[in-house]
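Chains, contacts and geometry: an overview
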Amino acid sequence: GLNVAIPNKSKSIKDYQNVYNDIAEKIREEDEFDNYIGYGPILVRIAWHSSGTFDKNNMTGGSFGGTMRFKKEINDPSNAGLKQADEFLAPIYKKHSWISHGDLYTLAGVTAVQEAQGPKIPWRPGRVDQPENTTPENGRLPDATGDSSYVRNYFGRFGFNDTEIVALIGAHCLGKTHLENSGFEGPWGAASNVFSNEFFVNLLNENWKLQKNAAGNEQYDSPKGYMMLPADFALRQDNKFLKLVKAYANDQDLFFNDFAKAYVKLLESGIHFPADQKPFIFKTLDEQE
Ligand code: HEM
Ligand SMILES: O=C1CCNc2c1cnc1ccccc21
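Model, not experiment: these values are computed from the prediction.

**Section: the site of ligand 1**
- Close contacts around ligand 1 come from 19 residues, with His-172, Lys-176, His-178, Asn-181 and Ser-182 the closest.
- At a separation of 2.9 Å, an oxygen atom of ligand 1 approaches a polar backbone atom of Lys-176.
- Side-chain polar atom of His-178 to an oxygen atom of ligand 1: 2.7 Å apart, as the coordinates give it.
- Here the shell around ligand 1 gets four residues from one element, more than from any other, and that element is helix α3 (residues 40-51).
- Residues that form the shell around ligand 1 fall into these classes: 10 nonpolar, six polar and three charged.
- Both domains that furnish three or more residues to the shell around ligand 1 are identified here as domain 1 (3-140 + 263-288) and domain 2 (148-256).

This is how it looks when you write it as structure tokens:
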């Protein structure tokens, strides 16, 4: 059923900015993680995966219930590697245990994008922890081997259009793939912790070659040591997606604007917020110096 947000009346933007700052300072502090990529990318991934279980056809899943905290969900093979993000957030939750897990996972994803010099992501609290028996079944996250019709159909489950789909996958400007997590290996070439339109620039400009990786899975590799998943490459193989890829490769501001809107929609999928609940826009650490 529809999830109605219940904002905590005793908490203000100041309280959530404190949580944001604790996450942001911990990202800066633990900078050596994943060969100095840091925790930013994996925090974006746990926010997306906690929201990515949503299904508009039966109004189940999504970030509201915070069910990523339960074994059944965090152990979904699609979530391999995300325990590290959950462990990163455990002390933050311990210090601010008035916050719900759904709000914490999504706020972490907002903090990570903004601290990576990405766009401002308006964010609303009010997700309410749900019991373990509400955890959605495994298998609701996308398959990296999908083609363009698979990708369009998958995100159709959220009600996303082509613009929202291409913009969201632009988050693959961050971080890398890890053979032990997903069976794909992301050479260090382009792995980054700075949010930009690089993913689209790489996708268009590199000389991609489809080859089998060490796990026997096909992926696209470039001479410069970059990689693309088949589902990434699919964005070049559909005329409407390709038009958007070119637009974003040529206009980072357009990408930032479209990404911010689509990311908010993703993190709020399946949740009804009170009409008068205005989103919070957090300051980055640099803006609070
Ligand atoms: C067709 C849709 C998508 C597919 C098939 C997909 C697949 C993957 C795979 C296989 C990985 C590598 C995981 C690992 O080996 O550690 C990955 C990483 C990542 N994904 Fe996606 N993804 C999709 C959409 C998204 C979206 C919508 C977002 C966020 C808005 C996102 C954000 C990330 C980030 C930040 C990483 C890097 C994580 C790290 O460095 O540890 N992805 N994705
Ligand atoms: O082109 C890039 C930049 C570095 N990170 C990724 C790229 C392409 N596909 C990806 C897919 C999953 C995670 C990271 C990436």
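**Focus on the sheet that holds strand β4 (residues 227-228)**
- Reading across from one edge, β2-β3-β4 is the order of the three strands in this open sheet, with antiparallel pairing throughout. Of all strands in the sheet, those with a lone pairing partner are β2 (209-212) and β4, marking the two edges.

**A closer look at the nonpolar core**
- Counting residues in hydrophobic clusters, the biggest one holds 75 residues, and the most contacted among them are Ile-23, Leu-43, Leu-89, Phe-155, Phe-195, Phe-259 and Tyr-263.
- The greatest single-element share of this core, amounting to nine residues, is contributed by helix α13 (residues 252-267).
- Two domains each provide a minimum of three residues to this core, namely domain 1 (3-140 + 263-288) and domain 2 (148-256).
- Setting aside residues no more than four positions away along its own chain, Leu-43 makes contact with Ile-23, Ile-27, Ala-85, Phe-88, Leu-89, Ala-108, Gly-109 and Ala-112.

**Some details on the side chain of Ser-50**
- Inspection of the secondary structure puts Ser-50 in helix α3.
- Look at Ser-50 and you get buried, because its relative accessible area is 4%.
- Those residues in contact with Ser-50 that sit more than four places away from it in its chain are Gly-62, Ser-63, Met-68, Glu-73 and Tyr-105.

**Side note on the layout of surface pockets**
- Space inside the second largest pocket adds up to approximately 240 Å³.
- Mapped onto the lining of the second largest pocket, the elements with two or more residues apiece are α1 (13-29) and α6 (101-115).
- Element by element, the count of residues in the lining of the second largest pocket is highest for α1, at three residues.
- Across the lining of the second largest pocket, the residue classes tally to seven nonpolar, four polar and three charged.

**So, unusual backbone geometry**
- Phi angles above zero are rare outside glycine, and Met-59 is one such case at about 50°.
- Mapped onto the elements, Met-59 comes out in the loop between α3 and α4 (71-74).
- Take Met-59: its relative accessible area is 29%, and that puts it in the partly exposed class.
- Phi angles above zero are rare outside glycine, and Gln-117 is one such case at about 70°.
- Position of Gln-117 among the secondary structure elements: in the loop between α6 and α7 (148-156).

**A short note on the pattern of salt bridges**
- Scanning the entire structure with this criterion turns up 14 salt bridges.
- The salt bridge involving Lys-224 is made with Glu-206; its shortest N-O contact spans 3.1 Å. With Lys-224 in the loop between β3 (218-221) and β4 and Glu-206 in the loop between α10 (198-205) and β2, this residue pair connects regions lying 18 residues apart in the sequence.
- When its relative accessible area of 57% is taken as the criterion, Lys-224 is described as exposed.
- By relative accessible area, Glu-206 is classed as buried at 11%.

**A word on the environment of Asn-205**
- Its place among the elements puts Asn-205 in helix α10.
- Taking the C-alpha atoms as reference, Asn-205 lies 9.9 Å from Ser-222; in sequence the two are 17 residues apart.

**Concerning the domain arrangement of the protein**
- Once the domains are mapped, the protein shows domain 1 (3-140 + 263-288) and domain 2 (148-256).
- For domain 1 versus domain 2, the separation of C-alpha centres amounts to 23 Å.
- Taken residue by residue, the interface counts 27 residues in domain 1 and 21 residues in domain 2.
- When the buried surface of domain 1 facing domain 2 is broken down by residue, Ile-37, Ala-116 and Lys-265 rank first, second and third, together holding 24% of it.
- On the surface where domain 1 and domain 2 come into contact, there are one salt bridge.
- Notably, a salt bridge pairs Lys-265 with Glu-164, separated by 3.0 Å at the nearest N-O pair.
- Counting across the domain 1 and domain 2 interface gives 11 residue pairs in polar contact (both at pLDDT 80 or more).
- Those elements that place two or more of their residues in the side of domain 1 that touches domain 2 are α2 (33-36), α3 and α13.
- In terms of residue class, the side of domain 1 that touches domain 2 is built from 13 nonpolar, nine polar and five charged.

Definitions and limits used
- Residues numbered from 1 in each chain as written.
- Chains lettered and ligands numbered in written order.
- Predicted model: local features only at pLDDT ≥ 70, side-chain atom pairs only at ≥ 80, totals over all residues.
- Heavy atoms only, no water.
- Near = heavy atom within 4 Å.
- Polar contact = N/O pair within 3.5 Å; in protein donor to acceptor, adjacent residues only side chain to side chain.
- Helix = DSSP H or I, 4+ residues; strand = E, 2+ residues; numbered from the N terminus.
- Nonpolar A, V, L, I, M, F, W, Y, C, P; charged D, E, K, R; others polar.
- Domains from an automatic or database assignment.
- Pairing = 2+ DSSP bridges.
- Core = buried A, V, L, I, M, F, W, Y, C linked by side-chain atoms within 4.5 Å.
- Buried < 20%, exposed > 50% of the residue type's maximum accessible area, 1.4 Å probe, protein only.
- Contact = heavy atoms within 4.5 Å.
- 1 Å grid on protein atoms, 1.4 Å probe; cavity = no way out; pocket = protein on both sides within 12 Å on 5 of 7 lines; lining within 4 Å.
- Points joined across faces, edges and corners; volume = space filled by probe spheres on them.
- Salt bridge = Lys/Arg side-chain N within 4 Å of Asp/Glu carboxyl O.
- Buried area = accessible area lost by both parts, 1.4 Å probe.

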